Amino acid sequence: MRLIVLTYLRPALMLLAALLFGFAPQIAAAEDSPQPKEYPRILKAIEQQGLTILGEMKVPGGLRAFAAKAGAQPLTIYLTPDGEHVVVGTLVDEAGQDMAEAQLKEMVEAPISEEGWEKLEGSTWVKDGDPDAPRTVYVFTDPNCPYCHQFWTAARPWVESGKVQLRHVMVGVIRQDSPAKAAAILEAKSPEEALAENEHKYGDGGIVPLETISPAVAEKLKHNATLMTELGFSGTPAIVFRKADGSIGKMGGLPQDAALEMILGPK
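Basis of the calculations
- Residues numbered from 1 in each chain as written.
- Predicted model: local features only at pLDDT ≥ 70, side-chain atom pairs only at ≥ 80, totals over all residues.
- Heavy atoms only, no water.
- Helix = DSSP H or I, 4+ residues; strand = E, 2+ residues; numbered from the N terminus.
- Buried < 20%, exposed > 50% of the residue type's maximum accessible area, 1.4 Å probe, protein only.
- Areas by Shrake-Rupley, 256 points an atom, 1.4 Å probe, with all protein chains shown as cover.
- Polar contact = N/O pair within 3.5 Å; in protein donor to acceptor, adjacent residues only side chain to side chain.
- Contact = heavy atoms within 4.5 Å.
- Axes fitted to C-alpha atoms, helices over the stretch in contact; angles between N-to-C directions.
- Parallel < 35°, antiparallel > 145°, perpendicular 65-115°, else oblique.
- Nonpolar A, V, L, I, M, F, W, Y, C, P; charged D, E, K, R; others polar.
- Arc of directions from axis to C-beta.
- Phe/Tyr/Trp six-rings, centres within 6.5 Å; stacked < 30°, edge-to-face > 60°.
- Pairing = 2+ DSSP bridges.

Student: Just to check I follow, could you spell out the overall build of the protein chain for this structure?
Tutor: The helix and strand tally for the protein chain stands at eleven helices and eleven strands. Buried residues in the protein chain amount to 42% of all 267 residues. Put simply, the protein chain shows about 14000 Å² of open surface, and 53% of that area lies on carbon and sulfur atoms.

Student: Hey, could you run me through the side chain of E199 in this one?
Tutor: Of note, E199 is situated in helix α9 (residues 191-200). Separated by 3.3 Å, the side chains of E199 and N198 make a polar contact. Sequence-distant contacts of E199, defined by excluding residues within four places in its chain, comprise H149 and W152.

Student: Any chance you could explain the packing of helix α8 (residues 178-186) against α9 here in plain terms?
Tutor: Two packed helices can be described by the angle between their axes and the distance between those axes. One can describe the packing of α8 onto α9 by two numbers: an axis separation of 7 Å at closest approach and a directional angle of 140°. Taken together, the axis directions place α8 and α9 in an arrangement best described as oblique. Of the residues in α9, those in contact with A184, I185 and L186 of α8 are P191, A194, L195 and N198. In terms of residue class, the contact of α8 with α9 is built from six nonpolar, one polar and no charged.

Student: Got a minute to help me understand helix α6 (residues 146-154) in this structure?
Tutor: Within an α-helix, residues lying three or four positions from one another point in the same direction, as the helix has 3.6 residues per turn. Burial in α6 covers these residues: C148, H149, F151 and W152. Axial view of α6: buried residues confined to an arc of 160°, hence all on one face.

Student: Explain the packing of aromatic side chains to me, please; I cannot follow it from the model alone.
Tutor: For any pair of aromatic rings, the description rests on two quantities: the centre-to-centre distance and the angle between the ring planes. Taken as a whole and assessed by the stated rule, the structure comprises three aromatic pairs. Seen in terms of ring centroids, W125 and Y138 are 6.4 Å apart; in terms of plane orientation they differ by 80°. Their pairing is edge-to-face. Of this pair, W125 sits in strand β7 (residues 125-128) while Y138 sits in strand β8 (residues 135-141), and the two are 13 residues apart along the sequence. Look at W125 and you get partly exposed, because its relative accessible area is 26%. Assessed through its relative accessible area of 1%, Y138 is described here as buried. Both rings, one in F140 and one in F233, keep their centres 6.2 Å apart while their planes meet at 50°; by these two values the pair is tilted.

Student: Teacher, can you tell me more about the pairing of strand β10 (residues 238-242) here?
Tutor: Side-chain direction in a regular strand flips from residue to residue, so the side chains alternate between the two faces of the sheet. Among the five residues of β10, four are classified as buried, and the element is accordingly described as predominantly covered. Note: β8 against β10, four bridges, orientation antiparallel. Paired with V139 across the bridge in β10 is I239. Note: β10 against strand β11 (residues 248-252), five bridges, orientation antiparallel. For F241, the partnering residue across the bridge sits in β11 and is G249.

Treat this as a map of the structure, not an account of what it does.
Structure follows, in structure tokens:
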């Protein structure tokens, strides 16, 4: 069986192209620190450029393949035998079948683990509801997101009755002033009141954005955005919740009807 590696850049992978330029200094720096033998050092250097390595896959032909994401774009990285170079592309057989497609899809769409839930707990979020509520739901929220606003409104009966606490993991990804609005909420004396102000005034433009974002808050927003991508989301609202059986569920976009009750529980 003949194996072929096709390497090309699609428009959706332009982020990857930007990340790949200028690897040399970062790779050199990575080589100064010891790395686990099972995880090649070049992949650590690639991660420093902003890619997320999801794990290793099994492919034929003597290559090592790794599932990764550049932003929300899934991709496969092939490690050369010398362990010092990578090829980004598609490995196909003589019939044109992608040797890694199924594994990549499975890894990208993998359910959120308990570790992922713990990362959400440790992220920067704004409390919305009773801290003693029996159900906690995390939602990545952009202050300018219309669907985030609709979800906030739809959730009021559950939140106001004390059944659910929403934890808004603030991000600024939709518009140019989104980070400044998210920062205005996080830096407010009462972030909870600032969040409510943004929602109540949403039709009139929402909360007034800050003129300057502090480095500390900018770093928190960056961490939240990275976590959103790491958990498999590409936009807001991005919702993570506990199902009735205790397992962790996730949903991207605005839930309605039965999906809303699945996330928030019975009214």
